[in-house]
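Descriptive structure summary
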There are 2 protein chains.
Amino acid sequence: MSEQAALRPGRGRRPAAAVRQAILAAATELLFEHGLAAVTFEKVAARAGASKMTLYKWWPSPGALALDGYFTAVEQTLAFPDTGDIERDLTSQLHAFVRLLTERPAGRVIAELVGAAQTDPDLAAAIAQRYTRPRRALAVDRLTRAQRAGQVRAELDPEVVVDQLWGACYHRLLLPDLPIDAGFADALVRNLITGIRP
Amino acid sequence: MSEQAALRPGRGRRPAAAVRQAILAAATELLFEHGLAAVTFEKVAARAGASKMTLYKWWPSPGALALDGYFTAVEQTLAFPDTGDIERDLTSQLHAFVRLLTERPAGRVIAELVGAAQTDPDLAAAIAQRYTRPRRALAVDRLTRAQRAGQVRAELDPEVVVDQLWGACYHRLLLPDLPIDAGFADALVRNLITGIRP
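Residues numbered from 1 in each chain as written. Chains lettered and ligands numbered in written order. Predicted model: local features only at pLDDT ≥ 70, side-chain atom pairs only at ≥ 80, totals over all residues. Heavy atoms only, no water.

1. Structural notes on the packing of aromatic side chains
All names here are of chain B. For clarity, the threshold we go by: Only Phe, Tyr and Trp rings take part, Trp by its six-membered ring, and two of them pair if their centres are within 6.5 Å. Stacked means planes under 30 degrees apart, edge-to-face means over 60, and tilted covers everything else. Helix and strand definitions here come from DSSP, where helices need a minimum of 4 consecutive H or I residues and strands a minimum of 2 consecutive E residues; each element is numbered from the N-terminal end. Relative accessibility under 20% of the residue-type maximum defines a buried residue, over 50% an exposed one, and the middle range a partly exposed one, all with a 1.4 Å probe and only protein chains included.
Summed over the entire model, instances satisfying the criterion amount to 14 aromatic pairs over all chains. Ring geometry for phenylalanine 41 and tyrosine 56: centres 4.8 Å apart, planes at 80°, overall edge-to-face. Of the two residues, phenylalanine 41 sits in helix H2 (residues 41–48) while tyrosine 56 sits in helix H3 (residues 52–58), which places them 15 residues apart along the sequence. Using a relative accessible area of 6% as the deciding quantity, one classes phenylalanine 41 as buried.

Listed below in structure tokens is the structure:
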């Protein structure tokens, strides 16, 4: 049991799920307030009232913990709608996504996480496992349903569409030069829906 | 004159253009052999037989110098063809680009540069000015000529197409999960050319 719960002096044990939630909340606060470098097991443990041992058992690195906190915080924002109209659903999900990317500090936080991952293989693995793959899967599921409904060409690879919609937004976030806004999101969907031929 | 030339013991002065070329070559070698952290003004100056003062005068930071070296090295590879057929030209340029991104060490070098730029505003500015904007301009020029030739819809924003072709490749480079190859490049162009409708 001591592996799954944390002691808070004078307040006894909390269930593991509550400890996990408190740790993620503390990591996200530190990440949003002070950036990735501020997310250390020491600081998160102190803020969450958890033992450092618990953090070591549950997360391979502070970067993976920061990423988990970030993902949990934005999960609701990035829910994927299914109204039955693929163009409408892609557009509304992308509108939510571009709002998130241009909000402070969420947009800078994800840029910093992806940036650090380029020279941190553990963080890169955590991002792939906990963020990129699950996010891709949600979009691919929705596109596959649209294929079954006859709204999207059957021979299309939904994974490539993910790169051309969300990937295009990451491009403007990570190699910034032009605005990320609702008009950009609309143009992304429109270009794919209609093609670029006259 | 001393600002524009560098001394090499016993060999007298070289023209500024030759010094610049030697410095860029030395920076690129260090970058490709040992990564971004190895590109210091000290090491580049020693390897190029140039004075550190010259480097300080010409580049705002070692990151900007590394970026200049990288850009000069890959410039030829990334030349933009104009055969008059936009689909063919986009495809062949993207084939060259995905080859570059998957080559060692070029792909890791650009990932590391973009990664470091997320927390280094000087490097971010250098990438925007020396890499992102000129690369965008070449693609936008080609797409604008295709619009004039009636091969691309007149109301299309060529900048958005850049994000959906090259940006999609950067997405797979920086948030790696799926392969970057010629088949991916073909699918990127095909999706935009034909749209995703059945």
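Having seen the model, we can carry on.
2. Describing the interface of chain B and chain A
Short version of the rule: Contacts are residue-level and defined by heavy atoms, with any inter-residue pair within 4.5 Å sufficient. Note on terms: buried area is the combined drop in 1.4 Å-probe accessible area of two parts once they are placed together, counting the loss on both. Here a salt bridge means any side-chain nitrogen of Lys or Arg lying within 4 Å of a carboxyl oxygen belonging to Asp or Glu. Pairs of N or O atoms are called polar contacts if they sit within 3.5 Å, as long as, within protein, a hydrogen donor faces a hydrogen acceptor (for residues adjacent in sequence, only side-chain-to-side-chain pairs). When residues are grouped by polarity, Ala, Val, Leu, Ile, Met, Phe, Trp, Tyr, Cys and Pro land in nonpolar, Asp, Glu, Lys and Arg in charged, and all others, Gly among them, in polar.
The interface of chain B with chain A comprises 48 residues on the first partner and 49 residues on the second. Across the chain B/chain A interface, buried area totals approximately 4,500 Å², and carbon plus sulfur atoms make up 58% of it. Where chain B packs against chain A, one counts six salt bridges. For B:Asp177, the salt bridge is made with A:Arg136, and the minimal N-O distance between the two is 3.9 Å. Our count for the chain B to chain A interface comes out at 19 residue pairs in polar contact (both at pLDDT 80 or more). Contributions of two or more residues to the side of chain B that touches chain A are made by helix H6 (106–117), helix H7 (121–148), helix H8 (158–174) and helix H9 (182–194) of chain B. Among the elements that make up the side of chain B that touches chain A, the one with the highest residue count is H8(B) (14 residues). Class assignment for the residues of the side of chain B that touches chain A results in 24 nonpolar, 12 polar and 12 charged.

3. Structural notes on the UniProt feature "domain: HTH tetR-type" (unreviewed entry) in chain A
The condition is simple: UniProt positions are given in the numbering used here, feature names are shortened, and annotations may be inferred rather than shown by experiment.
Per the UniProt entry, the sites bearing "domain: HTH tetR-type" (unreviewed entry) are residues 17–77 of chain A in this numbering. Helix makes up 75% of residues 17–77 of chain A and strand 0%, and the two end C-alpha atoms of the span are 22 Å apart.

4. Description of the domain arrangement of chain A
All names here are of chain A. To keep things clear, this is the line we draw: Domain delimitation follows an automatic or database domain assignment.
What the domain assignment lists for chain A is domain 1 (7–60) and domain 2 (75–194). One C-alpha centre belongs to domain 1, the other to domain 2; they are set 29 Å apart. With seven residues of domain 1 at the interface, the matching set in domain 2 holds seven residues. The junction of domain 1 with domain 2 conceals about 580 Å² of combined surface from both sides, 72% of it contributed by carbon and sulfur atoms. The largest per-residue losses of area from domain 1 upon contact with domain 2 belong to Leu31, Phe32 and Leu36, which jointly make up 74% of the total buried on that side.

5. Concerning the pattern of salt bridges
The final tally for this structure, using the stated rule, is 28 salt bridges over all chains. Note that B:Glu155 and B:Arg153 form a salt bridge whose closest N and O atoms lie 2.9 Å from each other. The network of salt bridges with common partners includes A:Arg133, A:Arg136, A:Glu159, A:Asp163, B:Arg172 and B:Asp177.

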